[in-house]
Amino acid sequence: MLNIINRLSGKALAALLLLSAAASAYSAPKTVLVLGDSLSAEYGLSRGTGWVALAEQKLKQNNIDAVVVNASVSGETTSGGRSRLQALLTKYKPDLVVIELGANDGLRGLPVPAAEANLRAMSDAAAKADAKVMLIGMRMPPNYGRDYADKFFAMYGALSKDIKAPLVPFMLDGVADKPQLFQPDRLHPLAEAHPIILANIWPTLQKTIKAK
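Remember, it's a predicted structure, so these values are computed and weren't measured experimentally.

### Brief notes about the overall build of the protein
Of the regular secondary structure elements, the protein holds 8 helices and 5 strands. From first element to last, N terminus to C terminus, the protein shows the α and β order α-α-β-α-β-α-β-α-α-β-α-β-α. Looking at the protein as a whole, 42% of its 212 residues qualify as buried. Taking as baseline every contact in the protein between residues at least 6 positions apart, the subset at least 24 positions apart corresponds to 76%. If you sum the accessible surface of the protein, you get close to 11400 Å²; carbon and sulfur atoms cover 58% of it.

### Considerations on unusual backbone geometry
Non-glycine residue aspartate 130 carries a positive phi angle of around 60°. Residue placement: aspartate 130 occurs in the loop between α6 (112–128) and β4 (132–136).

### Focus on the pattern of salt bridges
Under the criterion given, the structure shown has 6 salt bridges. Among the ionic pairs, aspartate 162 bridges to arginine 120, the shortest N-O distance being 2.6 Å. Taken together, the positions of aspartate 162 in helix α7 (residues 146–163) and arginine 120 in helix α6 put the pair 42 residues apart, joining distant regions of the chain. A relative accessible area of 46% places aspartate 162 in the partly exposed class. Overall, the relative accessible area of 27% leaves arginine 120 in the partly exposed class.

### Side note on the sheet that holds β4
With respect to topology, 5 strands assemble into an open sheet ordered β2-β1-β3-β4-β5, the strand pairing being parallel. At either margin of the open sheet sits one strand with a lone partner, and together these are β2 (66–70) and β5 (167–168). In this sheet, β2 lies alongside strand β1 (residues 30–36) in parallel orientation, the contact comprising 5 bridges. Counted as the bridge partner of threonine 31 is valine 67 from β2. Helix α4 (residues 78–92) contacts β1, β2 and β3 (96–100) of the sheet and is inclined by roughly 165° relative to β1. Packed on one face of the sheet, α6 meets β1, β3 and β4 and runs near 170° to β3.

### As for the confidence of the model for the protein
Across the protein, the average pLDDT comes to 90, with 87% of residues at 70 or higher. In the model, residues 1–8 has pLDDT below 50 throughout and makes 3 contacts with residues more than four positions away in sequence or in other chains. Segment residues 15–26: pLDDT under 50, and 1 contact once partners within four positions in sequence are set aside and those in other chains are kept.

### Looking at the packing of aromatic side chains
With the rule as written, the count across this model stands at 2 aromatic pairs. For the pair phenylalanine 152 and tyrosine 156, a centre-to-centre distance of 5.6 Å together with 75° between the ring planes defines the contact as edge-to-face. Here phenylalanine 152 pairs with tyrosine 156, and both are found in helix α7, just 4 residues apart, close to one helical turn. One exposure class covers both phenylalanine 152 and tyrosine 156, and it is buried. Grouped by ring-pair contacts, the aromatic residues Tyr148, Phe152 and Tyr156 constitute a single cluster. The ring of phenylalanine 153 has arginine 139 sitting right over it, with the charged end atom 3.6 Å from the ring centre. One Lys or Arg, arginine 139, reaches over the ring of phenylalanine 170 and ends 5.8 Å from the middle of that ring.

Reading guide: rules and limits
- Residues numbered from 1 in each chain as written.
- Predicted model: local features only at pLDDT ≥ 70, side-chain atom pairs only at ≥ 80, totals over all residues.
- Heavy atoms only, no water.
- Helix = DSSP H or I, 4+ residues; strand = E, 2+ residues; numbered from the N terminus.
- Buried < 20%, exposed > 50% of the residue type's maximum accessible area, 1.4 Å probe, protein only.
- Contact = heavy atoms within 4.5 Å.
- Areas by Shrake-Rupley, 256 points an atom, 1.4 Å probe, with all protein chains shown as cover.
- Salt bridge = Lys/Arg side-chain N within 4 Å of Asp/Glu carboxyl O.
- Pairing = 2+ DSSP bridges.
- Axes fitted to C-alpha atoms, helices over the stretch in contact; angles between N-to-C directions.
- pLDDT = per-residue confidence, 0-100.
- Phe/Tyr/Trp six-rings, centres within 6.5 Å; stacked < 30°, edge-to-face > 60°.
- Lys NZ or Arg CZ within 6 Å of the ring centre and 35° of its normal.

Laid out in structure tokens, this is it:
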């Protein structure tokens, strides 16, 4: 092997080293960081039954080499996620940051522009860390008022277009209108609902991680 390397020209050796580095980089698993609230933190569920764990299993089934870090915390708001994100970016160096936040802002009736500003700041921080962002949207129940609910939901679509981030418009599509799929608090889906949630998220997640 040493004799072969000695016979290589400088340019050929450089090319060989570049190809080797590229091969190593290509084979390295991608890291997906999920920054969410109780809907992603398996609140009230057995570990491994929430959509994030199911997504990691599906990535493996589809031969997508990725490690999923679930940094979701029950009760998390966009403000809390914003304050935690930089440390998570430094620690895990993710290729993709999936942001599933805003529901608790909405349930508390917090101003929509404040939530948008926090989501935008998180996107900016991820971009500076060379990580792609994927947004997961949420709808507010109608009892919060049509005007607020419409503005809250529209925020995700407008922000997604502005920052050019893929969006899952509503993670609870096909779940929110089925009371039998919720825990007694009527806020958190049962384990049976999480495959449906993953089905809403998976097409965008798969496309986004492959593009990174």
